Amino acid sequence: MSALTTAELSRRATPSGEIATLKLTAKMGSMSRAFWREVPTLLGGLGDARVLIVRGDRIFSAGLDVRDNAAQIAPALGRPDAFKAVVDEMHAVTEGLAALPIPVIAAVHGWCVGAGLELICGADLRLCSADARFSLPEVRLGITADLGGLQRLPGLIGRGRAAHLALTGDPIDADTAERWGLVTEVMADPEALFARAEALAETLAALPARALEGTKRTLNSGLPHAESLAAAVAWNAEHMTLEGLEAALKPR
């Protein structure tokens, strides 16, 4: 286990392979300057983990630690290149998570705010407990969300609902998040949530890794239909195996 000031990465062995868990450990899961520096290192240490679970501690995340990050952001205001360099460091986390070749499960309890919501938009599967609340309040702070949420939310919940979240800054509860498609399952409490996330991770870890990676690449490619179809065919041509086909034909 690697324990830092803002997050920790743990790994658990299963018969099908390792399952990794990234826990946001800073107070209220806040994302300070240290968070943006530390998490890429943790993501780079996943090794041969088959699935990653992302979760919080007391809550999932209160989002960007504005006070701490302001020391770096303020001098870059009005200077596009300097500002881009600051945000690129944050993108190394949000885009880095989304780009992982393995399935990523976000397990959300309590508040998931701002940058926290943008982070989970890059996960493949999102689960939550009944106490979860989701908010994208950047407009109330005079900010346009720029960590991937505005790009991914329309594909997850539709443009109208994404606009409602982003333009009003109003929070939604767990039931609304499930109805809108932001999450696919709502558990009674955090304990049940984390147990479900672990069980789902074990199920995914038991599936062929190349098939999971190819499926994820195709879902996330953003290519036009014909190009995406051709890419999926090319992936199978390279990675499909006779052993896999024979295994699929065996009675269960």
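Residues numbered from 1 in each chain as written. Predicted model: local features only at pLDDT ≥ 70, side-chain atom pairs only at ≥ 80, totals over all residues. Heavy atoms only, no water.

## Details of the state of the cysteines
Applying the stated criterion across every chain yields a total of zero disulfides. Residue Cys112 stays outside any disulfide, its sulfur separated by 8.0 Å from that of Cys121, the closest cysteine. The exposure class assigned to Cys112 is buried, which follows from its relative accessible area of 0%. Among the cysteines around Cys128, which has no disulfide bond, Cys112 carries the closest sulfur, lying 9.4 Å off. (Disulfide = S-S within 2.5 Å. Buried < 20%, exposed > 50% of the residue type's maximum accessible area, 1.4 Å probe, protein only.)

## A word on helix H9 (residues 209-220)
With 12 residues, H9 ought to run about 16 Å at 1.5 Å a step, and its terminal C-alpha atoms sit 16 Å apart, in line with that. Along H9, the residues classified as buried are Leu212, Glu213, Gly214 and Lys216. Considering only its buried residues, H9 is in contact with helix H3 (80-98), strand S5 (104-108), helix H8 (190-205) and helix H10 (225-239). (Helix = DSSP H or I, 4+ residues; strand = E, 2+ residues; numbered from the N terminus. Expected span 1.5 Å × (residues − 1). Contact = heavy atoms within 4.5 Å.)

## Structural notes on the pairing of strand S7 (residues 125-129)
Of all five residues in S7, four are buried, a share of seventy percent or more. Summarising the sheet, S5 and S7 pair through four bridges and their orientation is parallel. Paired with Ala107 across the two strands is Leu127, which belongs to S7. Across three bridges, the pairing between S7 and strand S10 (residues 185-187) is parallel. (Pairing = 2+ DSSP bridges.)

## Concerning the domain arrangement of the protein chain
When the domains of the protein chain are assigned, the result is domain 1 (7-206) and domain 2 (209-249). Computed from C-alpha atoms alone, the centre-to-centre distance between domain 1 and domain 2 is 26 Å. Counting from both sides, the interface comprises 10 residues of domain 1 and, opposite them, five residues of domain 2. When domain 1 packs against domain 2, the two sides together hide about 530 Å² of surface, and 50% of this comes from carbon and sulfur. Of all residues in domain 1, Arg50, Pro101 and Asp124 give up the largest surface area on contact with domain 2, accounting jointly for 60% of the area buried on that side. Counting across the domain 1 and domain 2 interface gives one salt bridge. For the interface between domain 1 and domain 2, the tally reads three residue pairs in polar contact (both at pLDDT 80 or more). Here the residues of the side of domain 1 that touches domain 2 sort into eight nonpolar, no polar and two charged. (Domains from an automatic or database assignment. Buried area = accessible area lost by both parts, 1.4 Å probe. Salt bridge = Lys/Arg side-chain N within 4 Å of Asp/Glu carboxyl O. Polar contact = N/O pair within 3.5 Å; in protein donor to acceptor, adjacent residues only side chain to side chain. Nonpolar A, V, L, I, M, F, W, Y, C, P; charged D, E, K, R; others polar.)

## Side note on the pairing of strand S4 (residues 51-55)
Judged by how many residues are buried, S4 sits mostly within the fold: five of five residues are covered. Judged by which residues are buried, S4 turns out to be covered on both faces: Val51, Ile53 and Arg55 on one side and Leu52 and Val54 on the other are all buried. Bridge count between strand S3 (residues 17-24) and S4: five bridges; the pairing is parallel. Paired with Leu22 across the two strands is Val54, which belongs to S4.

## Concerning the packing of helix H2 (residues 66-73) against H3
With their axes 10 Å apart at the nearest point, H2 and H3 run at an angle of 140 degrees to one another. With respect to H3, the axis of H2 lies oblique. Here Asn69, Gln72 and Ile73 of H2 lie close against H3, whose contacting residues are Phe83, Val86, Glu89 and Met90. Tallied by class, the residues present in the contact of H2 with H3 amount to four nonpolar, two polar and one charged. (Axes fitted to C-alpha atoms, helices over the stretch in contact; angles between N-to-C directions. Parallel < 35°, antiparallel > 145°, perpendicular 65-115°, else oblique.)

## Let's talk about the side chain of Lys23
Note that Lys23 resides in strand S3. Of the side chains bearing the opposite charge, Glu8 lies closest to the buried Lys23, which forms no salt bridge; the N-O distance is 4.1 Å. Dropping the residues within four chain positions of it, Lys23 is found in contact with Thr6, Ala7, Glu8, Arg55, Gly56 and Asp57. (Lys, Arg positive; Asp, Glu negative; His and termini not counted.)

## Details of the sheet that holds strand S8 (residues 133-135)
Ordered in space as S6-S8-S9, the three strands form an open sheet in which the pairing is mixed. The sheet is open, and its two edges are formed by strand S6 (111-113) and strand S9 (172-173), each paired on a single side. When S8 meets S9, the two strands line up antiparallel, connected through two bridges. The residue bridging Arg133 from the neighbouring strand is Asp173, located in S9.

## Comments concerning the pattern of salt bridges
Counted by the stated rule, this structure contains 12 salt bridges. Between Asp170 and Arg140 there is a salt bridge whose closest N-O contact spans 2.5 Å. A residue pair is termed long-range when its members are at least 10 positions apart, and Asp170 in the loop between helix H6 (159-168) and S9 and Arg140 in the loop between S8 and helix H5 (149-157) qualify at 30 residues. Of the residues examined, Arg140 reaches a relative accessible area of 53% and is grouped as exposed. For Arg210, the salt bridge is made with Glu213, and the minimal N-O distance between the two is 3.3 Å. Remark: Glu213 and Arg210 occur in helix H9; sequence separation between them is three residues, near one turn of the helix.

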